[in-house]
Amino acid sequence: MAVLKVKFTKTKRDKLAQILWILNWVSVVSGIILFSLGLFLKIEIKKRNEVMAKGDINSVPNMLISVGAIACIINFLGGKICYDCSDANKFSRWKLVMLPYIVCTFCFTFCILVGALMCYAMRNELEESLYLGLRDAIKYYKDTDIPGRCFLKKTVDMLQIGFRCCGNNGFRDWFEIQWVSARYLNMASKEVVDRLKSNVDGKFLVDGVPFSCCNPNSPRPCIQYQLTNNSAHYNYDFLSEELNIWVKGCREALLDYYTAIMRSIGIAALLIWFFELSVLIGVRYLQTAMKNVLLLGDPEGESDGWLLENSFVETAKYNINIIKNLGKANQISTVSGMSDPNTDVANTNCGKNNVTRKAIPAPS
């Protein structure tokens, strides 16, 4: 029994073809939107790839870019097909193409759904990438004289100023690394030498942060050094007073920024998926209705259209059997009791057992 069968008159088929022609052109625009969103996300990730570890975070924008480009091609072809389907004679040219086109379009719409879901599933990978990337960027903050790392100080400073953050997880991350270059340390100072000797690894560690962590909105001048020493500053309480530096970590700030972008892109991709799925359903109805018109032989008469010719269970069983039988056509049966059909070949003398054979002449 056909699933969701609908009866179409000639007028309804023509209107459906015209509507689908318009919707396919709208789908081309939606493909351009998907492509643009994927390109935008890729550019945003590339802007800050210095503070991101290498990983699969580009899989989502690459997926959206690919799906958007394919959408433009498929929907452009779909518009041409639907335009010709208003005429039964023109439809005959697309008769063999329609079903493969619908299958390919179904796979394409499924890819859009996957891309939308990937936007929400990417958060964990992005968080790990940001954690590792920011950890290394902060670690090499002081290496302004080493090629390949000399730009990291500017990158981290601009990041902390732009996103109003400090450190990886927080401002205390700067307490655990030497972020002041050795060329700017006064080795003649006893305080500097004692601090270097007090550390097992010989690092110059201070309870201070770079200037980019300062909050310009604070009425008090920025306190960068001795943040945990109350006696070092007048009228200052580290535990109770709100610090005049950014407390939020850059990993959290960047993660919130990218999560908001991907959430918006995911919603847009889901809306496009619903739209593409509705267009695909309409194309399926048009294809089955036009196919039945050709079978009835009356282009002006009524015809039935459906989503599936048989029930869901029967269709699933049929497709499973096709998959199971793939490759079996070239296999030779080895069941016992079955003889090779090539061994019992009939005698080709057609019953003439007493055929006179000519003797071979002896050599002279």
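Procedures and definitions
Residues numbered from 1 in each chain as written. Predicted model: local features only at pLDDT ≥ 70, side-chain atom pairs only at ≥ 80, totals over all residues. Heavy atoms only, no water. Patch = residues over 30% accessible without salt bridge, like charges linked within 9 Å, V, L, I, M, F, W, Y side chains within 5 Å. Areas by Shrake-Rupley, 256 points an atom, 1.4 Å probe, with all protein chains shown as cover. Salt bridge = Lys/Arg side-chain N within 4 Å of Asp/Glu carboxyl O. Helix = DSSP H or I, 4+ residues; strand = E, 2+ residues; numbered from the N terminus. Disulfide = S-S within 2.5 Å. Buried < 20%, exposed > 50% of the residue type's maximum accessible area, 1.4 Å probe, protein only. 1 Å grid on protein atoms, 1.4 Å probe; cavity = no way out; pocket = protein on both sides within 12 Å on 5 of 7 lines; lining within 4 Å. Points joined across faces, edges and corners; volume = space filled by probe spheres on them. Nonpolar A, V, L, I, M, F, W, Y, C, P; charged D, E, K, R; others polar. UniProt positions renumbered as here; feature names shortened; annotations may be inferred. Polar contact = N/O pair within 3.5 Å; in protein donor to acceptor, adjacent residues only side chain to side chain. Contact = heavy atoms within 4.5 Å.

1. A look at a nonpolar patch on the surface
So, step 1. Side chains of Trp 21, Ile 22, Trp 25, Val 26, Phe 76 and Tyr 83 sit close together on the surface and give an oily, nonpolar patch of about 620 Å² of accessible area.
So, step 2. Among the elements that make up the nonpolar patch, the one with the highest residue count is helix α1 (residues 10-47) (four residues).
So, step 3. Within the secondary structure, Val 26 sits in helix α1.

2. Some details on the state of the cysteines
So, step 1. Within the structure shown, the criterion is met by three disulfides.
So, step 2. Note that Cys 165 is cross-linked by a disulfide to Cys 250, the S-S spacing being 2.1 Å. One disulfide, between Cys 165 and Cys 250, carries an S-S torsion of 85 degrees and so falls in the right-handed class. Of this pair, Cys 165 sits in the loop between α5 (152-163) and α6 (190-198) while Cys 250 sits in helix α7 (residues 250-296), and the two are 85 residues apart along the sequence.
So, step 3. The disulfide bridge from Cys 166 ends at Cys 213, spanning 2.1 Å between sulfur atoms. Across the S-S bond of Cys 166 and Cys 213 the torsion is about 85 degrees, and the bridge reads as right-handed. With Cys 166 in the loop between α5 and α6 and Cys 213 in the loop between α6 and α7, the pair connects residues that are 47 residues apart, well separated along the chain. Like Cys 166, the residue Cys 213 is buried in the burial classification.
So, step 4. The disulfide pattern of the protein chain is 1-6, 2-3, 4-5 when the bonded cysteines are numbered in sequence order.

3. Focus: empty space enclosed by the protein
So, step 1. Throughout the structure, instances matching the rule amount to two cavities of 30 Å³ or more.
So, step 2. There is about 30 Å³ of room inside the second largest cavity.
So, step 3. Residue assignment for the lining of the second largest cavity shows that the elements contributing at least two residues are α3 (88-121) and α7.
So, step 4. For the lining of the second largest cavity, the element with the most residues is α7, which contributes four residues.
So, step 5. Considered class by class, the residues forming the lining of the second largest cavity number four nonpolar, three polar and one charged.

4. Structural notes on the UniProt feature "transmembrane region" (unreviewed entry) in the protein chain
So, step 1. As recorded in UniProt, the feature "transmembrane region" (unreviewed entry) lies at residues 20-40, 60-78, 98-121 and 265-286.
So, step 2. Counting secondary structure, residues 20-40 comes out at 100% helix and 0% strand; the distance between its end C-alpha atoms is 30 Å.
So, step 3. The straight-line gap between the two end C-alpha atoms of residues 265-286 is 31 Å; of that span, 100% is helix and 0% is strand.

5. Concerning the side chain of Asn 244
So, step 1. Among the structural elements, Asn 244 can be located in the loop between α6 and α7.
So, step 2. Looking at Asn 244, its side chain comes within polar contact range of the main-chain nitrogen of Ile 223, at 3.4 Å.
So, step 3. If near-sequence neighbours (up to four positions away) are discounted, Asn 244 is found in contact with Cys 214, Asn 215, Ser 218, Arg 220, Pro 221, Cys 222 and Ile 223.

6. Some thoughts on the side chain of Arg 48
So, step 1. Considering the arrangement of structural elements, one finds Arg 48 in the loop between α1 and α2 (59-84).
So, step 2. Polar contacts involving the side chain of Arg 48 include one to the side chain of Glu 44, which spans 3.4 Å.
So, step 3. Beyond its immediate sequence surroundings of up to four residues, Arg 48 is in contact with Leu 159, Phe 163, Leu 254, Tyr 257 and Tyr 258.

7. What to know about the environment of Ala 137
So, step 1. Structurally, Ala 137 can be placed in helix α4 (residues 123-139).
So, step 2. Each C-alpha atom, one on Ala 137 and one on Leu 152, is 6.2 Å from the other, the two residues being 15 residues apart in sequence.
So, step 3. With residues up to four places along the chain from it excluded, the contact list for Ala 137 reads Val 51, Leu 152 and Val 156.

8. Quick word on the environment of Leu 34
So, step 1. Tracing the backbone through its elements, the reader meets Leu 34 in helix α1.
So, step 2. The sequence separation of Leu 34 and Ala 269 amounts to 235 residues, and the corresponding C-alpha distance is 7.0 Å.
So, step 3. Residue contacts for Leu 34: discarding those within four places in its chain leaves Leu 64, Val 67, Gly 68, Ile 112, Ala 269 and Ile 272.

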